[in-house]
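# Inside the fold
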Amino acid sequence: MKIISSYAYKGRNIYSHKPVVKMLIDLGDYYDTPTTAIKGLNEFLINLLPGLKRHSCSRGYEGGFVDRLGEGTYLAHVIEHVSIELQNVLGYDISYGKAFRGDKDNIYNVVYGYINELAGIETGRIAVDLINCFIEGKEFDFNKEMKELKSKCVKSDIGVSTAMIKKEAEKRGIPVIKIGDGSLLQLGYGKNSRKIQATLSDNSTCISVDVACNKTLAKSIMAEYGLPVPEGKVVSSENELLQYCMTIGFPVVIKPNYGSHGIGVSINLRTPEEALNAYKIACEYEDTILVEKFIKGNHYRLLVVGDKMVAASLRLAAHVIGDGESTIEELIERENRENPLRGEDHEKPLTKIVVDKVVLAYLEKQRKTLEYVPEKGETVFLRENDNLSTGGIAIDVTEEVHPENAKIAVMAAKVIGLDIAGVDITVSDISIPLEKANGAIIEINAAPGIRMHHFPSKGQGRNVAGEIVNLLCPEGEAVSIPVISVTGTNGKTTTVRMISHILRTMGSNVGMTNTDGVFFNDECMKHGDNTGPISARAVLMDKRIDYAVLETARGGIVNRGLGYDLADVGLITNIQEDHLGIDGINDMEDMAFVKALVIEAVKKEGYAVFNADDEYCMMIKDRAKANLILYSANANNEHLNNHIKKGGIGLYADDKNIYICQGNKTTMLMSIDQIPATMGGILKHNVYNALAAASGAYGLGIKTENIIKGLSTFESNDKDNPGRFNQFDVNGVKVIIDYGHNIDGYKYVLDSLKQMKKKKLIGVIGVPGDRTDSSTITIGEMSANSFDKIYIKEDKDKRNRKPGEIAALLKKGCQLGSIPESEITIELSEEKALEMAIAAAEPDDIVVVFYEEYEPLVRVIEKMKTSYEKTGLIIA
């Protein structure tokens, strides 16, 4: 067995509305081999991964998967469950999965959920390797593989603090984008979005963070405001250290000036020897060392969010409690192994205890070593600093904090310039004002960890992540921007352009994605086909954007999923024959299933918009959980009328006007003649696109006068709608460029041409290489029945076709039509074919080119215009 491909969908996708990994696997000769035919496999898997016994599988009860194993199930199904269980072993709660056959008997798709992308991808690989090795009788070092993967996952996890903030945001329905591989999150979309990394928000300036990181500078600023801080200074040599210690008197604290997480910190140093040893330890981390007067008392962390202190913890240094038999080293090992709350770094609520030079030095100070056996019940502290990052624990004391101390903590955060801060205070009792108890602010932290407040070892957990989310995204204020997602076979690009134009005429800043690029208003920020999730995310991350209008194409949906969480409006223009036989989409029902994701991923209070004249749109409309808007170019459409009778919203067009209906009320929106893109109704497909755009804008809550203004100023030219029935004049010859690339696209254009005044029709035709042979031949025949002369070009996008193969199929179709074969010319170059067509045309003829690349054809037209002007062959 081998993995052909593996991909992690980060957002909603056709398999699940949660992140999943999809593996394409070649089972080889084992594609039809049940597990019962592989001796010992079932027992091996259950013994290695006993958690498989809890998997319910499709049976719906615990143990269902084991029953399937006993009956004999196929290996793709086993790989699915092993991949899930391996993630469970790593600490990720995963249960969703499915496996199904691909386009060949031996090819299978295995889909399963994930939380950590690395874990998701790698557990699939390990599952396949594990089963392969068992079948082939090879050794597989399972423990080594899992240990290495666990180590990598800890480094790639977002951490407890970030995870809690993400969870709280999602609980409030705020969309979250994880940016990069670290812990940077964006809450919300567009102009209302906010960013936070761990607990460092975009409110805090670089200067404020730098000040907080410079302990000496932060203390000096706080002191100027009259806040109590310990006496101290930075020293740069052992002599300066000892001189200053003598000046302020022992005991002292020595620590790196820019350090964090308690690393390299030594406190309560009482002798020059201890001070020198601590200085050497601190110098291993940086060369600017801070010496402070030791403040006696308990160590507290007060968390400030905005204008209030939201939580407080008493912090206790890492310690072990003796059992009368075990050494300190054994007690540490046992605590790390058996306490489920301890993990690597910030993986879990508590961090594993690490033995380093600071621990050894502090034990020596107590005249103890790692081999010391504490008496039963004896507490042995391993450090004097109490950071959770070095193995400490926390006890919630929020209710005990004296109001004056809470006020001091808030003031400290404000004078440094932090909206979220961890203020470390040492005082005998936090319920007594610092001034009376001789306490002091020891440090202020710009990105404080919050796991100690959510998961204290004792006391009540505090939802500080919720407080942080409320600070960044206050209740009642906008946390995102309106998002409209448009999919369909034809008309997507024109529809998103129309909607974008409507919104821009209101003075709004619009981010738009389509087949031509990523746009901010009229500015193209990225050229090319940008109808997938990466481009969508680029728009949603732009702080300038008031509205996001996204073209969401089939390929992106199938292969990458959606780039957003939930849209305010999801719109399907139509579902027609195109791209069949690609990416597992073999028939129209498959295509409808894929497109349906766009209307499924809409807010409940939002709108799903459908073309009521399209049978496949009507087939899937019940999959929408949002409100519905239907539109039709037929006032008597049964689906539309039934929907309106039930109180739903509908738009329809007759030969002259577009109307909006809701319940018993029907209002004329505008006349079709007011919409220049329809050419007075000649371009029927743009009537549909205008209906779609008006429906989508109405679903966004746009006023009808703004919809009218937008549609009445949107033209089918190279500025507003490049490549969509654009008309140029070359010496009296009308040249039309259009992106028709499938049967229905051609039909719309050819039907429109029949209503236009002309002498002869000359066509330059072609199709992409991923169309079926039958549809390519049909397009050839349709063209032959409409054009007087045809030039067949071969698209550059051959999609594994042989040179000339597409052109040959088109010619075969043309030969089935009414055009004489003498009027059919094959010219594989798109630009050359257009030149030949224009040269063969006479005034009042129409030349139509179904293009692949727009700009080169425009250059050909401009070149030929110039050529006619220079030779004087201009028709008056």
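From a predicted model like this one, the values you see are computed outputs, not experimental measurements. (Residues numbered from 1 in each chain as written. Predicted model: local features only at pLDDT ≥ 70, side-chain atom pairs only at ≥ 80, totals over all residues. Heavy atoms only, no water.)

So, about the overall build of the protein. A tally of helices and strands in the protein yields 29 helices and 38 strands. Reported as C-alpha extents along the three principal axes, the dimensions of the protein are approximately 105 × 70 × 60 Å. Each of the 876 residues in the protein was classed as buried or not, and the buried ones make up 55%. Here the contacts in the protein between residues at least 6 apart in sequence split such that 66% fall between residues at least 24 apart. Carbon and sulfur atoms make up 49% of the accessible area of the protein, which totals about 37300 Å². (Helix = DSSP H or I, 4+ residues; strand = E, 2+ residues; numbered from the N terminus. Buried < 20%, exposed > 50% of the residue type's maximum accessible area, 1.4 Å probe, protein only. Contact = heavy atoms within 4.5 Å. Areas by Shrake-Rupley, 256 points an atom, 1.4 Å probe, with all protein chains shown as cover.)

Bringing the environment of Tyr 96 into the picture now. Considering the arrangement of structural elements, one finds Tyr 96 in the loop between α3 (75–89) and β3 (97–101). C-alpha separation for the pair Tyr 96 and His 81, spaced 15 residues apart in sequence, amounts to 9.1 Å. Within the structure, the side chain of Tyr 96 is placed 2.7 Å from the backbone oxygen of Tyr 15, a separation counted as a polar contact. (Polar contact = N/O pair within 3.5 Å; in protein donor to acceptor, adjacent residues only side chain to side chain.)

It is worth spelling out helix α12 (residues 357–365) at this point. Given 3.6 residues per helical turn, the α-helix brings residues three or four places apart onto the same face. Along α12, the residues classified as buried are Val 358, Val 359, Tyr 362 and Leu 363. For α12, the angular spread of the buried residues around the axis is 135 degrees, confining them to a single face. On its buried face, α12 is in contact with α10 (272–283), α11 (328–338) and β18 (379–381). Where α12 begins, the capping side chain belongs to Asp 356, and its oxygen is found 3.2 Å from the backbone nitrogen of Val 358. Immediately beyond the C-terminal end of α12, within one or two residues, lies Arg 367, with a positive phi of roughly 60 degrees. (Arc of directions from axis to C-beta.)

Considering all chains together, one arrives at zero disulfides under this definition. Cys 245 carries a free sulfur, and the closest cysteine sulfur to it, the one in Cys 283, is 13 Å from it. (Disulfide = S-S within 2.5 Å.)

Under the criterion given, the structure shown has 45 salt bridges. Here Arg 315 ties to Asp 424 by a salt bridge, and the two come within 3.4 Å at their closest N and O atoms. Of this pair, Arg 315 sits in strand β14 (residues 308–316) while Asp 424 sits in strand β20 (residues 420–427), and the two are 109 residues apart along the sequence. In this structure, Lys 793 and Glu 830 form a salt bridge, with 2.9 Å as the shortest nitrogen-oxygen distance. With Lys 793 in the loop between β36 (789–792) and α27 (805–814) and Glu 830 in helix α28 (residues 830–840), the pair connects residues that are 37 residues apart, well separated along the chain. (Salt bridge = Lys/Arg side-chain N within 4 Å of Asp/Glu carboxyl O.)

This part takes up the nonpolar core. Tyr 564, Ile 575 and Phe 610 are the most contacted members of the largest nonpolar core, which has 51 residues in total. Among the elements that line this core, the one with the most residues is helix α20 (residues 588–600), at eight residues. Among all residues touching Phe 610, those that are not within four sequence positions of it are Ile 572, Ile 599, Cys 617, Met 618, Ile 620, Lys 621, Ala 624, Leu 628, Ile 629, Leu 630 and Tyr 631. Leu 49, Val 78, Leu 130 and Leu 149 belong to the second-largest nonpolar core, a separate cluster that totals 42 residues. (Core = buried A, V, L, I, M, F, W, Y, C linked by side-chain atoms within 4.5 Å.)

For helix α9 (residues 238–248), every residue scored as buried is listed here: Leu 241, Tyr 244, Cys 245 and Ile 248. Taken around the axis of α9, the buried residues stretch over an arc of 105 degrees, which confines them to a single face. Every exposed residue of α9 that faces more than 90 degrees away from the buried side is listed here: Asn 239, Gln 243, Met 246 and Thr 247. Those residues of α9 hidden inside the fold are in contact with β9 (232–235), β10 (252–256), α10 and β12 (289–293). Backbone geometry just after α9 places Gly 249 at a positive phi near 85 degrees.

Below, the discussion takes up the sheet that holds β14. Read across the open sheet, the five strands follow the order β19-β14-β13-β20-β21; overall the sheet is antiparallel. The outermost strands of the open sheet, each flanked by one partner alone, are β19 (393–396) and β21 (440–445). The average undirected angle you get between the axes of adjacent strands in this sheet is 30 degrees. Packed on one face of the sheet, helix α13 (residues 403–416) meets β13 (298–305), β14, β20 and β21 and runs near 60 degrees to β13. (Pairing = 2+ DSSP bridges. Axes fitted to C-alpha atoms, helices over the stretch in contact; angles between N-to-C directions.)

Here six strands make up an open sheet; going across it, the order is β33-β34-β38-β35-β36-β37 and the pairing mixed. The sheet is open, and its two edges are formed by β33 (726–730) and β37 (824–826), each paired on a single side. With direction set aside, neighbouring strand axes in the sheet form an average angle of 20 degrees.

With that settled, the discussion passes to the pairing of β10. Burial runs high along β10: five of the five residues are buried. Side chains Val 252, Ile 254 and Pro 256 project from β10 onto one buried face, and the interleaved Val 253 and Lys 255 project onto a second face that is buried too. Summarising the sheet, β10 and strand β11 (residues 266–269) pair through two bridges and their orientation is antiparallel. Counted as the bridge partner of Ile 254 is Ser 266 from β11.

Across the interface, helix α4 (residues 117–136) lies against helix α5 (residues 142–156) with an axial gap of 10 Å and an inter-helix angle of 170 degrees. When the axes of α4 and α5 are compared, the pair comes out roughly antiparallel. Of α5, the residues touching α4 (which contributes Leu 118, Ala 119, Glu 122, Thr 123, Arg 125, Ile 126 and Leu 130) are Phe 142, Glu 145, Met 146, Leu 149, Lys 152, Cys 153 and Ser 156. Among the residues making up the contact of α4 with α5, the classes are represented as eight nonpolar, two polar and four charged. (Parallel < 35°, antiparallel > 145°, perpendicular 65-115°, else oblique. Nonpolar A, V, L, I, M, F, W, Y, C, P; charged D, E, K, R; others polar.)

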